[in-house]
Each structure stands twice: as structure tokens, then as C-alpha cells.
Amino acid sequence: MKKELSDISEQEINEFYKNISKNVKEARSAIKMSQLELSLKLGIKSIAFYSNCENLRYNKHFNLEHIYKISKALNVNICDILKKPS
């Protein structure tokens, strides 16, 4: 039986956000860029907001525009940000 999109659990969505945040943090750390530097490159004026997204605090997460800009700023393929860890 085919799974309907409406059947995707909140846990699965949260895991998706968690993977993205982990991949962003790893890519940012790999080039030794601070959260402040990246948030300013993205045009995010609040380091607290960026930090909350990267650490999934207060139910904050990156949106599609953020992910696109992050991939450009870190010079990584957007697929690497969206992938599940192996």
C-alpha cells in the first residue's frame, strides 16, 4: 500500500529538520566559519535566530531560502544539506 503524504509523522518531519541542521553545522564548521559570519552572509541580522535554527531551539528551523543561501555561502551542493546522514 502506498504511503500518503498526510501519513508522514511529526517525528519524521522533525528528523528531517534535524538532519538539515546537522549538515549545515558540519559544513560551516568544516571551513571554520562562525555562526555570526554565516548569519551576516545570509542577511540574518539576529545571531540568536540563526543559532536557534541551527540548534532547533524554540521550534525554529531553516526555510528554503535559507538553505539555498547557505549552500551558496558555504560553497556546498544543496543536496549535501538535504541528505540523510549515512
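Let me begin by describing the structure that accompanies this report.

What counts and what doesn't
Residues numbered from 1 in each chain as written. Predicted model: local features only at pLDDT ≥ 70, side-chain atom pairs only at ≥ 80, totals over all residues. Heavy atoms only, no water. Helix = DSSP H or I, 4+ residues; strand = E, 2+ residues; numbered from the N terminus. Contact = heavy atoms within 4.5 Å. Areas by Shrake-Rupley, 256 points an atom, 1.4 Å probe, with all protein chains shown as cover. Lys, Arg positive; Asp, Glu negative; His and termini not counted. Charge placed at Lys NZ, Arg CZ, Asp CG, Glu CD. Buried < 20%, exposed > 50% of the residue type's maximum accessible area, 1.4 Å probe, protein only. Polar contact = N/O pair within 3.5 Å; in protein donor to acceptor, adjacent residues only side chain to side chain. Salt bridge = Lys/Arg side-chain N within 4 Å of Asp/Glu carboxyl O.

What follows concerns the overall build of the protein. Helix and strand counts for the protein come out as five helices and zero strands. From first element to last, N terminus to C terminus, the protein shows the α and β order α-α-α-α-α. Counted over contacts in the protein with a minimum sequence separation of 6, partners at least 24 positions apart contribute 54%. Total accessible area on the protein stands at roughly 6300 Å², and carbon and sulfur atoms take up 55% of it. For the protein, the distance from the average position of its 15 positive side-chain charges to the average position of its 10 negative side-chain charges is 7 Å.

Positionally, Ser71 belongs in helix H4 (residues 64-74). A relative accessible area of 5% places Ser71 in the buried class. Within polar-contact distance, the side chain of Ser71 engages the backbone oxygen of Tyr68 at 2.7 Å. Residues within four places of Ser71 in sequence aside, it is in contact with Val76, Asn77, Ile78 and Ile81.

In this structure the tally under the stated criterion is three salt bridges. Among the salt bridges present, the one from Glu26 reaches Lys22, with a minimum N-O distance of 2.7 Å. Remark: Lys22 and Glu26 occur in helix H1 (residues 10-30); sequence separation between them is four residues, near one turn of the helix. Residue classification places Glu26 among the partly exposed residues on the basis of a relative accessible area of 43%. Residue Lys22 is classed as partly exposed on the basis of its relative accessible area of 39%. With its nearest N and O atoms 2.7 Å apart, the salt bridge here joins Arg28 to Glu54.

So, about unusual backbone geometry. Although it is not a glycine, Lys32 sits at a positive phi angle of roughly 55°. Relative to the helices and strands, Lys32 resides in the loop between H1 and helix H2 (35-42). When its relative accessible area of 74% is taken as the criterion, Lys32 is described as exposed. The backbone of Leu56 sits at a positive phi, close to 55°, despite the residue not being glycine. Locating Leu56 in the fold gives a position in the loop between helix H3 (47-54) and H4. With relative accessibility at 31%, the residue Leu56 sits in the partly exposed group.

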